[in-house]
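# Descriptive structure summary
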Amino acid sequence: IDDTLTTEGRLTAVAYGALERLKVAGKRAVAVTGRPAGWCDHIARMWPVDAVVGENGAFYFAFAAGKLEKRFQEDAGARAAKRARLDAIAAAILAAVPGCAIASDQPYRETDLAIDYCEDVPPLPLEAAERIAGMMREAGLTARISSIHVNGWFGDYDKLAMTRKLFAERFGLELAAANRRVVFVGDSPNDAPMFAFFEHSVGVANVRRFAGRLAAAPKFVTQAEAGGGFAELVYHLLR
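Okay, so let's go over this structure.

This part takes up the nonpolar core. Of all hydrophobic cores here, the largest spans 29 residues; its most connected members are Ile43, Trp47, Val52, Phe59, Phe61 and Phe230. Sorting the residues of this core by element identifies α1 (13–24), α2 (37–46), β5 (59–64), β6 (67–72) and α7 (226–238) as the ones contributing at least two each. Core analysis: the second largest hydrophobic core is formed by 23 residues, Ile93, Cys100, Leu113 and Met135 among them.

Right, let's talk about the side chain of His149 for a bit. Examined against the element boundaries, His149 turns out to sit in strand β10 (residues 149–153). Given the relative accessible area of 2%, His149 is considered buried. A distance of 2.9 Å separates the side chain of His149 from the side chain of Glu119, its partner in a polar contact. With near-sequence residues (within four places) excluded, His149 lies in contact with Arg35, Ala103, Asp105, Arg109, Ala114, Ile115, Asp116, Tyr117, Glu119 and Arg144.

All told, the structure shown has nine aromatic pairs when counted by the stated rule. Relative to Phe61, the ring of Phe59 has its centre 4.4 Å away and its plane inclined at 20°; by these criteria the two rings are stacked. Where Phe61 meets Phe72, the ring centres are 5.9 Å apart and the plane angle is 70°; that geometry is what we call edge-to-face. On the criterion of sequence distance, the pair formed by Phe61 in strand β5 and Phe72 in strand β6 is long-range, its members being eleven residues apart. One exposure class covers both Phe61 and Phe72, and it is buried.

Topologically, Thr111 is positioned in the loop between β7 (101–102) and β8 (113–116). Excluding residues that lie within four positions of it along the chain, Thr111 makes contacts with Glu55, Ala58, Phe72, Arg79, Arg83, Leu86, Trp153 and Tyr157.

Definitions and cut-offs
- Residues numbered from 1 in each chain as written.
- Predicted model: local features only at pLDDT ≥ 70, side-chain atom pairs only at ≥ 80, totals over all residues.
- Heavy atoms only, no water.
- Core = buried A, V, L, I, M, F, W, Y, C linked by side-chain atoms within 4.5 Å.
- Buried < 20%, exposed > 50% of the residue type's maximum accessible area, 1.4 Å probe, protein only.
- Helix = DSSP H or I, 4+ residues; strand = E, 2+ residues; numbered from the N terminus.
- Polar contact = N/O pair within 3.5 Å; in protein donor to acceptor, adjacent residues only side chain to side chain.
- Contact = heavy atoms within 4.5 Å.
- Phe/Tyr/Trp six-rings, centres within 6.5 Å; stacked < 30°, edge-to-face > 60°.

Everything listed here is a matter of coordinates, which is why it stays silent on function.
Pasting the structure below:
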């Protein structure tokens, strides 16, 4: 969502309108994000999407028949047990990397730790984000860098793993077999598993900011950045 649908932190009418045009055209739309469960609850209920994969693959939410359905990788007890360990890791990172901060959306998260390096703090260089990610990995977390946060969690799941479950459980599709029927669009290193997997993977133009830092690059790149690039892709598909 961030810097793929949004532009400078805002969801524009152009990008949201493009998302709605997909829905009206009969296409399935799934938001895939590092954002927290609290945001994803709202998005699943209120946006023209069929489901939301959130916290980098910790869960998916889907709103159907007037009810929000939630599917987590782990049960509530396991999530709670890991919370204190994440808090200790966060304190160590804040002490070691000046200028970073706990992400403002952390209170709404169920499973992961989000460190802000570029959203509500003065932007830090990508080297600082990489240092944060390195500290998370040394502490036993899986870590991913987005355009604004560094996210860390216990477990080896990612956006792609939960998207596979979503397609099987909600849509009755095996994702590998359906690959050519799907387009994925993203903008940052935490999208690399999706860029690698999908034959039709697209980066909005600001993905070039991470040139040389992507484990896998998108197969196509839009001319416009951020939400404008998303709208560009949607108009191309619907033509």
